[in-house]
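# Structural overview
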Amino acid sequence: MVRETHPKVLAVTGPHALEEVMAAVHEHLPRPHDPFTDLVPPQGIKLTPRHYAYLKISEGCNHRCTFCIIPSLRGDLVSRPIGEVMREAENLVKAGVKELLVISQDTSAYGVDLKYRTGFWGGRPLKARMGDLAAALGELGVWVRLHYVYPYPHVDEVIPLMAEGRVLPYIDVPFQHASRRILKLMKRPASGEDNLERIRAWRRICPDITIRSTFIAGFPGETEGEFRELLDFLEEAELDRVGCFAYSPVHGAKANELPGALPNEARENRRERLMQLQEKISARRLKRKLGKTLEVLVDEVKAGRAVGRSAADAPEIDGVVHIEDGSTLKPGARVQVKVLRSDAHDLWGELGIRQMRLRASAASERRP
């Protein structure tokens, strides 16, 4: 309406939208030469392989978890304008990125500090909220993986996006513990939530969802009974991917002042017990994939076989899929792989029938 009434208006943005205003200006006026930045490609400089990239949406954290010192190092949450995030994502995709890994200290709090201010992407309004951002990223035609998501109620909004295939059915939620008393000592957000029921609800909506989490064993004051509560939680939740750390006193963390510090040997023993249990759970869940055909993103090809990842595998922290007949594949390719065997961490398979037919057809077309 504004542009119809005032045709000479270059763009319409929200308040305090400096980045959007400057982008609109530079669509009509040449950007002045900057010898320091003009050699940097539009997608920026990244240290990951060409086919995947981390997309940081905010810095800092508003929480004051007693075992963590991030707020004292990086300050409170500062979210990036959603238009800026989406333009970076677009540039990465144009440069060949096939997977975007959304990261921050608290992805589910994205936009809180901006009061969910409306930004603009592609000429359309977009709120700075995790759900809106995930939906917009899902339009780019690449894998979108969500990391560091706290279990707030509004996180439930992104699960249907996973069920619809718009973002990967994968969520990284650092639960840290199952005992409500320990969670309160940790000052964890959403400590009063019924996480088991939330997990069940997520799986009802999206049965293929992969849930990754991290936990701390041996937190100050943790009793054997509370640790058993954590093990019982793992048995019932059947999480797909789990990391566990023995509590370690970080300089400056408030948890160091809590009574009931456990000896290092006890902390490490509990970590080992938790991981032994989780290894059995992981092996059981991966075994269910035998005979299934999964889409796999190829990471590397070596020694006559390809190694890639399915939707259930984030780079460097989760398992991989070994493609035994993938010697001719290239990094960044997305292929169908039939799963033949598994262990507690990885899968092994071969190219699916459809993929083999496509390869055979391509090979015949290349023949003179």
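Computed from a prediction, not measured in an experiment: that's the story for all the values here.

### Brief notes about the overall build of the protein chain
For the protein chain, the count of helices and strands is 11 helices and 15 strands. Going through the 368 residues of the protein chain one by one, you find that 48% of them count as buried. Expressed as a percentage of contacts within the protein chain between residues at least 6 apart in sequence, the contacts between residues at least 24 apart total 71%. In the structure as shown, the protein chain presents an accessible area of about 18,800 Å², 55% of it carried by carbon and sulfur atoms.

### Focus: helix H4 (residues 82–94)
Between its terminal C-alpha atoms H4 stretches 18 Å, which fits the 18 Å expected from 13 residues at 1.5 Å a residue. Those residues of H4 lying buried are Ile82, Gly83, Val85, Met86, Ala89 and Leu92. One or two residues past the end of H4 sits Gly96, with phi positive at roughly 110°.

### Here's the deal with the side chain of Arg145
In this structure, Arg145 sits in strand S7 (residues 143–146). Within polar-contact distance, the side chain of Arg145 engages the backbone oxygen of Ser310 at 3.5 Å. Residues within four places of Arg145 in sequence aside, it is in contact with Glu99, Leu100, Leu101, Val102, Leu168, Tyr170, Arg309, Ser310, Ala311, Ala312, Asp313 and Ala314.

### Notes on the sheet that holds strand S14 (residues 334–342)
The strand order around the closed barrel built from 5 strands is S11-S12-S13-S15-S14, with neighbouring strands paired in mixed fashion. For this sheet, the mean inter-axis angle between neighbouring strands, taken without regard to orientation, is 50°. With 5 bridges joining them, strand S11 (residues 293–302) and strand S12 (residues 305–309) adopt antiparallel strand pairing. Residue pairing in the sheet places Val301 in a bridge with Ala306 of S12.

### Some points on unusual backbone geometry
Even without a glycine there, the phi angle at Lys115 is positive, about 55°. Mapping Lys115 onto the fold places it in the loop between strand S4 (99–103) and strand S5 (118–121). For Lys115, a relative accessible area of 73% puts it in the exposed group. Unlike most non-glycine residues, Gln176 shows phi in positive territory, near 70°. Mapping Gln176 onto the fold places it in the loop between strand S8 (170–172) and helix H7 (180–186).

Conventions adopted
Numbering of residues begins from 1 in every chain and follows the order in which that chain's sequence is written. In keeping with the model being predicted, local features are shown solely for residues with a pLDDT of at least 70 and side-chain atom pairs are shown and tallied solely at 80 or more, while totals for entire chains, interfaces and linings include all residues. Side-chain measures here rest on the full set of heavy atoms in the structure, leaving out hydrogens and waters. A helix here means a DSSP run of H or I that spans at least four residues, while a strand means a run of E at least two residues long, and both kinds are numbered starting from the N terminus. The buried label applies to any residue whose accessible area, calculated with a 1.4 Å probe on protein chains only, is under 20% of its type's maximum; exposed applies above 50%, and partly exposed to all values in between. Residue contacts follow a heavy-atom distance rule, with two residues in contact if any of their heavy atoms lie within 4.5 Å. All accessible areas in this document rest on Shrake-Rupley with a 1.4 Å probe, and a residue is counted as covered only by the protein chains that are shown. Expected span of a helix: the number of residues minus one, times 1.5 Å. Counted as a polar contact is a pair of N or O atoms within 3.5 Å, where, for protein atoms, one must be capable of donating a hydrogen and the other of accepting one, and residues adjacent in sequence contribute only when both atoms are in side chains. We treat two strands as partners when DSSP finds at least two bridges between them. Axis lines are fitted to C-alpha atoms, over the contacting stretch for helices. Their N-to-C directions set the angle, which ranges from 0 to 180 degrees.

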